[in-house]
Amino acid sequence: MLSVEVRFLDESVANFQIQYKATGNVLFDQACKMLNLLEVDYFGLEYADSNNTKYWLDQDKPMCRQLGLSLVNPVMYFRVKFYTPDPAHLEEEYTRYLFSLQIKQDLAQGALQCNDNTAALIASYIVQADCGDYSLDDYPDHTYLSSFKFVPHQDDELERKIMENHKKHAGQSPSEADMNLLETARRCELYGIKMTPAKDHDGVPLNLAVAHMGILVFQHSTKITTFSWAKIRKLSFKRRRFIIKLHPEGSGFYKDAVEFFFEGRNSCKNFWKKGIENHGFFRCSEVRKLPRQRARIFSRGSSFRYSGRTQKQITEFVRENFVKRQPFQSRSTSLRIPSTSRRSVGNSVLGQPLLPVTSSQSCGSVALNDSGPIFTASEPRPISASQPSSPRTIQEPERMAINGTVYSEEKERPARQRDFSSGLESPYFYHSSTKGNVSPTSCRDGSTVRSEASFSLCVPSSTDDLTQSPITPMKGVKNGSDLLASPETNSEKRKQKTTPDIAYFIAKELLMTERKYKKELELINIWFREEVSKEENMPTEVLALLFSILDPLYEFHCGFLRDLEQRLSTWEGKGGNTNHTPLFGIGDIFFQNIHITELYDRYLEKLPLVLERISSAYKYNQHFEQIYRDFELQKACYLPLSYFLLAPAYRLTLYCAILQRLVDHYEEHHPDQRHCKIILIKLQQVTASYKETVKAMENYVKLMDLHHEMVGIDDLQQPSREFIREGCLQKLSRKGYQQRMFFLFSDMLLYASRSSNPRLQFKVHRQLPLESVMVEETEPKMGMDFCFTVYGGNQALMVAASCEEERQKWLTDLIKAIDCARDQRVGNFLYSSLHSCSSSDELLDKIDGQRSLFTPPAQPEGGSTNTSEKQAQHRATTTVHVCWHRSMSVGIEDFRQSMVNQLSGYLLRKFKNSSGWQKLWVVLANFCLFFYKSYQDDFPLASLPLMGYQVTTPNEQDNINKDCVFKLQFKNHVYFFRAESQYTFSRWVEVTENATLHHISV
């Protein structure tokens, strides 16, 4: 048996007896089980060899084969392994508490290097979390901090700064202080950085580190290079040589492989393993497990693979599959400060740890494909739902036989608790028997305990004993009745005290659209990257270029979104800064991130080339065409992929609109108006400079999408061709009026009918050059009132629109386009090939008999060719299909307006005959509403195309006795939507009215 000592973040120690050949996950599971920790994948067990080189416990290896592990009384440290860049991803408050202990330790040991102001701020949050509010009676000067070590170079001046910051945190609960601590720490450049000495090929001493964004290179403590995961193609090592292989384009480096040299093979392999694990955890959306195979004779390198869930998997797992459990009991820290105040979060969701339903574990790979390597699923490791309710459960040691017969003996018991459900103490209390002279340790609840003591757990026999227990502390509560008030009463009081300003709702609109925009960037930068990286024969050069310009945008907007969320949280009064005036406004956030324009300049500079090459690859690479189409059919890709590529081109325009509304709303001397005006002028100058470029790209994207929707025509994307209008008209033929789709371009008019193929593409019948076209209004004929005739060559087409408004739109655009075509008069008009333009009916019959373009190239063995699957291979929410069903038309100006008029946020929806309201996350994009359960969902539950709908307010017959409600109606389809404020209501009415293409006043 092997006796392993595990030291936890709160400086407690536990001994485990484990067999030599037991795998590392046996020990790690028991350590996590003792903590009753849920989000275990963020943590690991760390140990050091005889040279003080630190290693992470390999959970798939036996204990006797762990690299550098001493088998004589080994000591391991329970540590944070993956430092999340966004603390909001930590679902449990207990996990955030452990992270705060790790940050405190890093700061004290000098691992987290920062300036004195930042160090003082972080230390003040530590003091606030453990001691509560600052009290002048208890802390007359800074000397109450002198016996604590926050940083290695601590002095009187730093302690005074900590005390001043501590005064500002009045009212913050321990959980809020922990969250603010993590938010402050994650902004430090060396947050989560563990440096490893190495040398470059010239022998220059350097420091390497692995982080969530990639491999970092430092010279002393100054970062000189970052190899992001997007740039890295593969990580490998050979003896003491560490090799980073880069993508050939978009890497910004002059060669495709970079080498570094470590002191020995073990340290080189150790760093390589850290890189593999961090890539798998942060970069991959999911991992699947390949079994580890050992070569019998010849070794082909390390079989190490990442073992664990990715950050995305564990976040989704916790959010979707867990129920609330009772508050946890936190452990003591080394602060020895007598506290006179203790605050509770009440019934906060953050204070409610979660209980698992299922658990899964999977494994990562060595090859750094951007979306993650190829894996196979592993068996889940179930976590019993009957485990104790608190993450840290105190119980007598017991024998456990799991794989290696593990015996657990705990040396130190937790001595501090946080109760987040009420102002009362937890029903569990302790009796201690000391082991000699021990210094007292203060706790967040004000009680004093002694470290290095043994504790026995006393559990009351009934709930009556709890209410009568003399140990229940109520001394620190001035108004105990307030703590027992219902949450509804407290929320009503808060609503009565505060009336949000319109500026708040404008800022919240920005936050909601930013969340939607981040999802759009993820769709391409993560989801699409994952799809194409799995395949061969892909246009790697253009894809590498695309991801190289998307990566900086995505990383920027992740941070920008966090800043907005934190500001809105402070604005809503959730930041805990109740005694000091918080920052209201968002102008300063924009001002601090003015470099955003440089990122968009580069994106818009490269985007035309990216679109051109992707379109070319779609035409000439059948495998890429199939992958592209299959991806567009996924639920997450709710619009054509080209829409998401074009979306960043309009982002700054949307910012201009929001900032303009803020400037118009603010009074002249409002503190936030100056920043808003400066940024607004800057963004307006930038957007004006590339306005024509965006128009050209918009036209190119529209032609590209139409080419995908049509069959029987080639070379639709001509350099000088511009899209003008598309829509459904009734064409008169010998059989009467028949439904046809008409497409008007700057040089031709063509019409088509919808085919019956699986993708429901449109078969082109004929095209007419505009130089020889004439158009005139016509009297009603055969029961159709809104008719007009198009004369082209030797043919006359009589068509009818659905209403007078549609007819005028077509006539206006046709006359204008005909005049422009005649003025330019190229004279050598080239037909887009219809595979012979002799007879449309003959042509279409011929096409139906041939192998269709939409047929997959070659189905693998076992691949599904089910006809029912193919029948769903189209997207009903695209404008061409909505126009076909609603008998409407859409012009290029409507498309441009739709790209700007985007909105997202929570709405309450009610059907015509239903009684209740349903809260949904609603996204308006491309003339359509998409409904989600929450903004965190990856794909919509349902969609509602808005073209043809009417936007009104409810009448008396609707019996809607609520404010801020608007009504959507198309024929007998009626929906009611309720907004949270009058401003939000007016914005939703404005954008939905534009999307319906029916301009009726509400």
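Source: prediction; values computed, not measured.

How each quantity is defined
Residues numbered from 1 in each chain as written. Predicted model: local features only at pLDDT ≥ 70, side-chain atom pairs only at ≥ 80, totals over all residues. Heavy atoms only, no water. Helix = DSSP H or I, 4+ residues; strand = E, 2+ residues; numbered from the N terminus. Buried < 20%, exposed > 50% of the residue type's maximum accessible area, 1.4 Å probe, protein only. Contact = heavy atoms within 4.5 Å. Areas by Shrake-Rupley, 256 points an atom, 1.4 Å probe, with all protein chains shown as cover. Core = buried A, V, L, I, M, F, W, Y, C linked by side-chain atoms within 4.5 Å. Phe/Tyr/Trp six-rings, centres within 6.5 Å; stacked < 30°, edge-to-face > 60°. Lys NZ or Arg CZ within 6 Å of the ring centre and 35° of its normal. Pairing = 2+ DSSP bridges. Axes fitted to C-alpha atoms, helices over the stretch in contact; angles between N-to-C directions. Parallel < 35°, antiparallel > 145°, perpendicular 65-115°, else oblique. Left-handed = near helix turned anticlockwise from the far one by under 90°. Nonpolar A, V, L, I, M, F, W, Y, C, P; charged D, E, K, R; others polar. Expected span 1.5 Å × (residues − 1). Disulfide = S-S within 2.5 Å. Salt bridge = Lys/Arg side-chain N within 4 Å of Asp/Glu carboxyl O. Polar contact = N/O pair within 3.5 Å; in protein donor to acceptor, adjacent residues only side chain to side chain. pLDDT = per-residue confidence, 0-100.

1. Examining the overall build of the protein
A tally of helices and strands in the protein yields 25 helices and 36 strands. The burial tally for the protein puts 54% of its 1002 residues in the buried class. Long-range contacts, defined as pairs at least 24 residues apart, comprise 67% of the intrachain contacts of the protein with a sequence gap of at least 6. Accessible surface, the protein as shown: approximately 46,200 Å² in total, 48% of it carbon and sulfur.

2. Quick word on the nonpolar core
Residues Ile524, Phe528 and Tyr655 are the most contacted members of the largest nonpolar core, which totals 87 residues. The greatest single-element share of this core, amounting to 16 residues, is contributed by helix H12 (residues 540-571). Core analysis: the second largest hydrophobic core is formed by 71 residues, Phe16, Ile126, Tyr134 and Leu158 among them.

3. Quick word on the side chain of aspartate 813
Among the structural elements, aspartate 813 can be located in helix H20 (residues 804-824). Residue class for aspartate 813 comes out buried when judged on its relative accessible area of 17%. Those residues in contact with aspartate 813 that sit more than four places away from it in its chain are Ile724, Arg725 and Leu744.

4. A few points about the packing of aromatic side chains
Per the stated rule, a full pass over the model turns up 46 aromatic pairs. Seen from their ring centres, tyrosine 47 and tyrosine 55 are 5.8 Å apart, and the 25° between their planes marks the pair as stacked. Each member of the pair, tyrosine 47 as well as tyrosine 55, is classed as buried. An angle of 0° between the planes, with centres 6.0 Å apart, marks the rings of phenylalanine 931 and phenylalanine 977 as stacked. Taken together, the residues phenylalanine 931 in strand S32 (residues 928-932) and phenylalanine 977 in strand S36 (residues 973-978) connect sequence positions 46 residues apart. Judged by its relative accessible area of 4%, phenylalanine 931 is buried. Phenylalanine 977 sits in the buried class, given a relative accessible area of 1%. These aromatic residues form a ring-pair network of at least three members: Phe8, Phe28, Tyr42, Phe43, Phe78, Phe82, Phe99, Phe281 and Phe282. Over the aromatic face of phenylalanine 723 sits the side chain of lysine 702, whose NZ or CZ is 5.3 Å from the ring centroid. Over the face of the ring belonging to tyrosine 906 we find lysine 919, whose NZ or CZ atom lies 4.7 Å from the ring centre.

5. Structural notes on the pairing of strand S8 (residues 214-219)
Across the 6 residues of S8, 5 count as buried, placing the element largely inside the fold. Between strand S7 (residues 205-211) and the antiparallel strand that follows it, S8, lie 2 residues. With 6 bridges connecting them, S8 and strand S9 (residues 222-228) associate as antiparallel partners. Looking across to S9, one finds that isoleucine 215 is bridged to phenylalanine 227. Hairpin connection from S8 to S9: 2 residues lie between these consecutive antiparallel strands, with histidine 220 at a positive phi of about 65°.

6. Overview of the packing of helix H2 (residues 93-109) against helix H3 (residues 116-131)
When two helices pack together, their arrangement is given by the angle between their axes and by how far apart the axes lie. Between H2 and H3, the least distance of the axes is 11 Å, while the angle of their chain directions is 135°. By the angle between their directions, the pair H2 and H3 is classed as oblique. For the crossing formed where H2 meets H3, the hand is left-handed. Contacts between H2 and H3 involve Ile103, Lys104 and Leu107 from the former and Ala119, Ile122, Ala123 and Ile126 from the latter. Of the residues that constitute the contact of H2 with H3, the class distribution is 6 nonpolar, no polar and 1 charged.

7. Quick word on helix H17 (residues 651-665)
Counted at 1.5 Å a residue, the expected span for H17 with its 15 residues is 21 Å, and the 22 Å between its end C-alpha atoms agrees. Taken together, the buried positions of H17 are Arg651, Leu652, Leu654, Tyr655, Cys656, Ile658, Leu659, Leu662 and Val663. Those residues of H17 that are buried are in contact with helix H11 (502-533), H12, helix H13 (587-592), helix H14 (596-620), helix H18 (673-689) and helix H24 (892-900).

8. Digging into the state of the cysteines
By definition, a disulfide links the sulfur atoms of two cysteines through a covalent bond. Following the criterion strictly, the structure yields 0 disulfides and no others. For the unlinked cysteine cysteine 188, the closest cysteine sulfur is that of cysteine 114, found at 4.6 Å.

9. Section: the pattern of salt bridges
Following the criterion strictly, the structure yields 36 salt bridges and no others. Between aspartate 938 and lysine 519 there is a salt bridge; the shortest N-O distance is 3.0 Å. Linking aspartate 938 in the loop between S32 and strand S33 (942-945) with lysine 519 in helix H11, this pair joins segments that are 419 residues apart in sequence. Here arginine 629 and glutamate 625 are joined by a salt bridge, their closest N and O atoms 2.6 Å apart. Of the two residues, arginine 629 and glutamate 625 are both situated in helix H15 (residues 622-632); the distance of 4 residues between them amounts to about one turn of the helix. On the basis of relative accessibility, which here comes to 8%, the residue arginine 629 falls in the buried class. Take glutamate 625: its relative accessible area is 11%, and that puts it in the buried class. Salt bridges linked by common partners bring Glu183, Arg186, Arg187 and Asp563 together as one network.

10. Considerations on the sheet that holds strand S30 (residues 903-911)
Pairing between the strands of a sheet comes from backbone hydrogen bonds, and it takes one of two forms, parallel or antiparallel. Strands sit in the order S33-S32-S31-S30-S36-S35-S34 across an open sheet of 7 strands; the sheet is antiparallel. This sheet does not close on itself; its edge strands, each paired only once, are S33 and strand S34 (950-952). When the angles between neighbouring strand axes are averaged without regard to direction, this sheet yields 35°. The pairing of S30 with strand S31 (residues 918-925) spans 7 bridges and is classified as antiparallel. From the neighbouring strand, leucine 908 faces S31, where its bridge partner is lysine 919.

11. Digging into H15
Most of H15 is tucked away, with 8 of its 11 residues classed as buried. Of the positions making up H15, those classed as buried are Phe624, Glu625, Gln626, Ile627, Tyr628, Arg629, Phe631 and Glu632. Residues of H15 that are buried in the fold lie against H11, H14, helix H16 (641-646) and helix H19 (691-709). One side-chain oxygen of the residue at the start of H15 lies 3.2 Å from the amide nitrogen of histidine 623, identifying that residue as asparagine 621.

12. With respect to the environment of threonine 812
Position of threonine 812 relative to the elements: it lies in helix H20. A distance of 2.7 Å separates the side chain of threonine 812 from the backbone oxygen of glutamine 808, its partner in a polar contact.

13. Notes on the packing of H14 against H15
Their axes nearest at 5 Å, the elements H14 and H15 cross at an angle of 110°. Considered as vectors, H14 and H15 are oriented roughly perpendicular to each other. Each of Ile614, Ala617, Tyr618 and Tyr620 in H14 lies in contact with H15, whose residues at this interface are Gln622, Phe624, Glu625, Tyr628 and Arg629. For the contact of H14 with H15, the class distribution of residues is 6 nonpolar, 1 polar and 2 charged.

14. Focus: the environment of leucine 90
Note that leucine 90 resides in the loop between strand S5 (75-80) and H2. Relative accessible area serves as the criterion here: at 1%, leucine 90 is assigned to the buried category.

15. A short note on unusual backbone geometry
One non-glycine residue, asparagine 52, adopts positive backbone phi at about 65°. As for its position among the elements, asparagine 52 is in the loop between strand S3 (43-48) and strand S4 (54-56). Exposure remark for asparagine 52: the relative accessible area of 57% places this residue in the exposed category. At phenylalanine 927, a residue that is not glycine, the phi angle is positive and equals roughly 65°. Mapping phenylalanine 927 onto the fold places it in the loop between S31 and S32.

16. A closer look at the pairing of strand S27 (residues 786-792)
Of all the 7 residues making up S27, 5 are buried; the element is thus mostly covered by neighbouring parts of the structure. Relative to S27, strand S26 (residues 773-778) is paired through 6 bridges, and the arrangement is antiparallel. The partner of methionine 774 across the bridge, within S27, is tyrosine 791. In the sheet, S27 pairs with strand S28 (residues 795-801) via 7 bridges, with the strands oriented antiparallel. From the neighbouring strand, valine 790 faces S28, where its bridge partner is leucine 797. Taken together, S27 and the strand that follows it, S28, pair antiparallel across an intervening segment of 2 residues, in which glycine 793 is found at a positive phi of about 65°.

17. Section: the environment of tryptophan 810
Looking at the secondary structure, you find tryptophan 810 in helix H20. Sequence separation of tryptophan 810 and valine 775 is 35 residues, and the distance between their C-alpha atoms is 10.0 Å. Setting aside its immediate chain neighbours within four residues, tryptophan 810 contacts Arg725, Glu726, Gly727, Leu729, Phe742, Leu744, Phe788 and Ser889.

18. A word on the confidence of the model for the protein
The pLDDT averaged across the protein works out to 76; a share of 73% of its residues lies at or above 70. The model gives residues 295-299 a pLDDT under 50, and that stretch makes 0 contacts with residues more than four places away or in other chains. With pLDDT under 50 throughout, residues 835-872 is counted as low confidence; its partners more than four residues away or in other chains account for 37 contacts.

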